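Chain by chain, the residues:
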Amino acid sequence: MANKKNFGAVVIFAGGLFSKIIGFAREIIFANWFGVGDVATAFRIAQSGFLLPTHSLIGETLSSGLLPLYKKYSDRNRIFPIVLRYLAIVYAVALSFVISISLYLFAEFWVKHIAPGVSAGPLNLAADFLKIMSLAVPFYVVGGLFSYIEAAHGKYSGISLRPVLMNVGAIAGAACAVYFNVDMYVALGFSVGHVFIFLWGFFRIQGIVKRDDHSLRFKLLWFPIAKQFFKTIAPLMFVPFVMQLNMLIERIVSSRYGAAVIPSVDYARVVSDTFIQLVSVPLGVVTMSMFSGKDSVELKTYACNVFVVLLAAFIPLSLWSAQFASEIVNLIFVRGAFDSVAANLTSTLLFWFSLGMSFGGAGYYLMKVLNTQLKNRIVMIVVLAGCIVNVAVNLYLGPVFGFAVVGVGYLFNSLIVCFLCIYFLGYFKQIFFYLLLIACIGGVQASLHWTMKIYLEPTVAFIFSFALLFFTYVAMSIFVHPLNNIVTLIFDKILKKVCLLYTSDAADEGLGVD
């Protein structure tokens with residue numbers, strides 16, 4: 001079982017790492033070619049318009065609702081998961097077509113309400129983008145469903161390759177838009193990427209579908225299974241809806257401070273969210289696929305250790321990227337159409353997003369642990385509480401923080417979600433000592449970073465910060481036992497392989513083998 005968990009996490013991590021490399025390339029290309037101008041603003045608005053209804057009604061609901069339920073009954077009843085799979089496909093196809101048609105017909109109305117502070121030019125372009133993107137809704141939803149079904153059977157290629165194909169499509173579309181001077185190709189590339197995701201998933205699940213049993217018992221089980229399925233996903237439909245409503249408020253607030261703030265928020269997010277996508281997401285998917293429907297001591301021990309490792313891994317990076325936000329933005333984005341105004345906006349937002357990154361990543365994982373235990377109503381309460389705090393911060397603290405209030409709201413939302421999950425899971429006693437220990441090490445790191453920025457030149461301080469980051473991780477690896485266990489295991493395996501190679505070479509020399 002441990003090997004399956006490790007293999008699944010490695011596959012998703014590898015796909016996520018490759019995707020993030022391409023994703024960084026995509027954002028650098030977008031920053032270079034479009035900066036924070038009309039095309040960049042219109043694309044971000046249209047992308048939000050695409051994801052708000054699609055992700056809230058279907059995407060997250062299927063991943064957090066279908067996967068645990070599917071795994072829970074797979075070992076007990078061979079017919080149940082087959083019926084459940086077909087129910088999920090019917091649900092996904094029906095709703096996706098409704099959303100697709102609605103987005104196409106009401107694109108102008110929708111983008112105006114997402115970004116009311118943006119001028120007519122970018123809004124009209126965003127509406128045209130959204131009409132093209134709306135055609136990809138069924139491919140996005142059903143392709144995602146195929147990847148979750150594949151994950152339930154211990155295969156993770158769909159989940160790992162999905163963001164890769166999406167980023168490749170976006171880059172290809174942007175390249176065509178610049179080369180042919182046709183802005184619509186940006187949206188077309190986004191849509192074509194989702195078509196390829198669907199085709200990959202369709203061919204991958206053919207081996208699973210061929211084993212289906214369509215007996216009389218299969219037909220008789222439709223109603224009771226449908227009842228259980230919709231009972232499970234009902235609370236989950238509310239969760240992503242609230243999360244996407246939260247994103248909508250962020251877009252509306254961002255637009256009030258100028259159209260350039262909207263793409264700046266996304267540029268900052270792509271840096272801060274990278275490690276969440278690479279680490280928290282794969283661990284969450286693997287935990288759901290391996291422990292679904294269980295509330296065991298084994299799960300508690302595993303989840304607590306993972307949570308501590310996530311904090312120990314995230315907090316040094318979080319503090320480093322917050323204190324050197326300007327240097328990071330200058331290094332990654334400042335070129336071409338990405339000017340000093342865009343750099344100032346993005347670096348200010350990155351500071352606040354980075355501070356929330358560690359608790360955002362750890363909180364996301366704990367929500368997946370709650371999904372694993374089918375405690376979906378608790379997830380609903382947690383997400384609602386976090387979103388209420390985020391919306392309140394965005395609406396009422398704007399005069400204090402200005403456009404940076406979007407990042408401040410994210411920080412408060414991450415803290416609320418993380419600590420509420422700890423409370424509802426009952427993990428506080430197990431992790432309290434490690435929370436204090438990690439906070440102390442992080443405090444020393446932050447103080448030293450701050451001292452370096454005061455007394456050294458910015459470039460010199462940035463270079464030396466990498467050495468300090470390394471020694472911070474050494475300290476974490478020594479004193480934080482769950483992380484120490486992982487590092488020790490890795491070094492043991494490396495040492496064994498080196499010794500094996502050395503022994504093999506020595507034996508070859510003794511035998512006179514060239």
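Residues numbered from 1 in each chain as written. Predicted model: local features only at pLDDT ≥ 70, side-chain atom pairs only at ≥ 80, totals over all residues. Heavy atoms only, no water.

*Asks:* Can you walk me through the overall build of the protein chain in this structure?
*Replies:* Of the regular secondary structure elements, the protein chain holds 22 helices and zero strands. Across the 514 residues in the protein chain, those meeting the buried criterion constitute 54%. For the protein chain, the exposed surface amounts to about 22800 Å²; the carbon and sulfur share of it is 71%. (Helix = DSSP H or I, 4+ residues; strand = E, 2+ residues; numbered from the N terminus. Buried < 20%, exposed > 50% of the residue type's maximum accessible area, 1.4 Å probe, protein only. Areas by Shrake-Rupley, 256 points an atom, 1.4 Å probe, with all protein chains shown as cover.)

*Asks:* Explanation requested: helix H4 (residues 107-114) in the structure shown.
*Replies:* The α-helix winds at 3.6 residues per turn, so residues separated by three or four positions along the chain end up facing the same way. Three or more residues of H4 are buried, namely Ala 107, Val 111 and Ile 114. Within H4, the buried residues cover an arc of 60 degrees as seen down the axis, which keeps them to one side. (Arc of directions from axis to C-beta.)

*Asks:* What is the right way to read helix H5 (residues 120-134) from this model?
*Replies:* Across its 15 residues, H5 extends 21 Å between first and last C-alpha, which sits within 8% of the 21 Å expected from 1.5 Å per residue. Every buried residue of H5 is listed here: Pro 122, Leu 123, Leu 125, Ala 126, Ala 127, Phe 129, Leu 130, Met 133 and Ser 134. (Expected span 1.5 Å × (residues − 1).)

*Asks:* Honestly, unusual backbone geometry in this entry has me stumped. Any pointers?
*Replies:* Glycine aside, residues mostly have negative phi, and peptide bonds are mostly found in the trans state. Of note, the phi angle at Asn 181 is positive, near 60 degrees, even though the residue is not glycine. Structurally, Asn 181 can be placed in the loop between helix H7 (157-180) and helix H8 (184-204). Take Asn 181: its relative accessible area is 68%, and that puts it in the exposed class.

*Asks:* Just to check I follow, could you spell out the packing of helix H14 (residues 297-323) against helix H21 (residues 458-479) for this structure?
*Replies:* In a packed pair of helices, the relevant descriptors are the angle between the two axes and the axis-to-axis distance. Contact pair H14 / H21: the axes reach a minimum separation of 10 Å and the direction vectors enclose 160 degrees. Put simply, H14 runs roughly antiparallel to H21. As for how H14 packs across H21, the hand of that crossing is right-handed. Contacts between H14 and H21 involve Ala 312, Ala 313, Pro 316, Leu 317 and Trp 320 on the former and, on the latter, Phe 462, Ser 465, Phe 466, Leu 469, Thr 472, Tyr 473 and Met 476. A breakdown of the residues in the contact of H14 with H21 according to their chemical character gives ten nonpolar, two polar and no charged. (Axes fitted to C-alpha atoms, helices over the stretch in contact; angles between N-to-C directions. Parallel < 35°, antiparallel > 145°, perpendicular 65-115°, else oblique. Left-handed = near helix turned anticlockwise from the far one by under 90°. Contact = heavy atoms within 4.5 Å. Nonpolar A, V, L, I, M, F, W, Y, C, P; charged D, E, K, R; others polar.)

*Asks:* Would you mind showing me how to read the environment of Leu 355 here?
*Replies:* Positionally, Leu 355 belongs in helix H16 (residues 340-372). Taking relative accessible area as the criterion, Leu 355 reaches 23% and is therefore assigned partly exposed. Along the chain, Leu 355 and Ser 318 lie 37 residues apart, while their C-alpha atoms are 5.6 Å from each other. In this structure Leu 355 touches Ser 318, Ala 322 and Leu 411, once residues within four positions along its chain are discounted.

*Asks:* So what exactly am I meant to see when it comes to the confidence of the model for the protein chain here?
*Replies:* Detailed reading of the predicted coordinates is not advisable wherever pLDDT is low. Confidence in the prediction for the protein chain averages 81 pLDDT; 79% of positions are at 70 or higher. Mean pLDDT values for the elements of the protein chain range from 49 in helix H10 (residues 216-220) up to 94 in helix H19 (residues 405-425). Across residues 1-5, where pLDDT falls below 50, the model places nine contacts with residues more than four positions away in sequence or in other chains. (pLDDT = per-residue confidence, 0-100.)

*Asks:* Looking at this structure, I do not really get the nonpolar core. What am I missing?
*Replies:* In globular proteins that are soluble, nonpolar side chains generally tend to be buried together. Judged by nonpolar contacts, the single largest core of 131 residues is most densely connected at Ile 45, Phe 129, Phe 307, Phe 333, Tyr 365 and Val 480. If we ignore the near neighbours within four places in the chain, the residues touching Phe 307 are Ala 362, Leu 366, Cys 418, Ile 422, Ile 431 and Leu 435. Counting residues in hydrophobic clusters, the runner-up holds five residues, among them Ala 151, Ile 159, Val 281 and Val 285. (Core = buried A, V, L, I, M, F, W, Y, C linked by side-chain atoms within 4.5 Å.)

*Asks:* Even after reading the chapter, I still don't get the packing of helix H12 (residues 261-272) against H16, so can you show me in this structure?
*Replies:* Remark: H12 packs on H16, axes separated minimally by 8 Å, with the N-to-C direction vectors making an angle of 45 degrees. The orientation of H12 relative to H16 falls into the category oblique. Regarding H12 and H16, the two cross each other, and that crossing is right-handed. Contacts between H12 and H16 involve Val 261, Ser 264, Val 265, Tyr 267, Ala 268, Arg 269, Val 271 and Ser 272 from the former and Ala 342, Leu 345, Thr 346, Leu 349, Leu 350, Phe 353, Ser 354 and Met 357 from the latter. Here the contact of H12 with H16 is built from residues that sort into eleven nonpolar, four polar and one charged.

*Asks:* Can you walk me through the pattern of salt bridges in this structure?
*Replies:* If charged atoms from side chains of opposite charge come close, those side chains can pair. Applying the stated criterion across every chain yields a total of six salt bridges. Here Glu 27 makes a salt bridge to Arg 26, at a shortest N to O gap of 2.4 Å. Residue Glu 27 shares its accessibility class with Arg 26, and that shared class is buried. The residue Arg 44 makes a salt bridge to Glu 27 at a minimum N-O spacing of 2.7 Å. With Arg 44 in helix H2 (residues 38-74) and Glu 27 in helix H1 (residues 2-34), this residue pair connects regions lying 17 residues apart in the sequence. Taken together, the salt bridges that share partners define one network made up of Arg 26, Glu 27, Arg 44, Arg 251 and Asp 266. (Salt bridge = Lys/Arg side-chain N within 4 Å of Asp/Glu carboxyl O.)

*Asks:* Help me understand a nonpolar patch on the surface in this model?
*Replies:* Side chains of Tyr 179, Phe 180, Val 182, Tyr 185, Leu 188, Val 192, Phe 196, Leu 199, Phe 202 and Phe 203 sit close together on the surface and give an oily, nonpolar patch of about 990 Å² of accessible area. The set of elements that each furnish at least two residues to the nonpolar patch consists of H7 and H8. Broken down by element, the residue count for the nonpolar patch peaks at seven residues, all from H8. Mapped onto the fold, Tyr 185 is located in helix H8. Looking at Tyr 185, the relative accessible area reads 31%, which means it is partly exposed. (Patch = residues over 30% accessible without salt bridge, like charges linked within 9 Å, V, L, I, M, F, W, Y side chains within 5 Å.)

*Asks:* Sorry, what's going on with the state of the cysteines here?
*Replies:* Here is the idea: a disulfide is a covalent bond, and it sits between the sulfur atoms of two cysteines. Scanning the entire structure with this criterion turns up zero disulfides. Of all cysteine sulfurs in the structure, the one in Cys 418 sits closest to Cys 421, which takes part in no disulfide; the separation is 7.1 Å. The class of Cys 421 is buried, set by a relative accessible area of 0%. (Disulfide = S-S within 2.5 Å.)

*Asks:* Which parts of the structure should I look at to understand the packing of aromatic side chains?
*Replies:* In this structure the tally under the stated criterion is 28 aromatic pairs. Judged by centre distance (6.4 Å) and plane angle (50 degrees), the rings of Phe 146 and Phe 202 are tilted. Highlighted residues: Phe 146 in helix H6 (residues 137-152) and Phe 202 in helix H8, separated in sequence by 56 residues. Under the relative-accessibility criterion, Phe 146 is labelled buried at 5%. Note on Phe 202: relative accessible area 35%, which makes it partly exposed. Here Phe 324 and Phe 462 contribute two aromatic rings whose centre-to-centre distance is 5.8 Å and whose plane-to-plane angle is 50 degrees, an arrangement assigned as tilted. (Phe/Tyr/Trp six-rings, centres within 6.5 Å; stacked < 30°, edge-to-face > 60°.)

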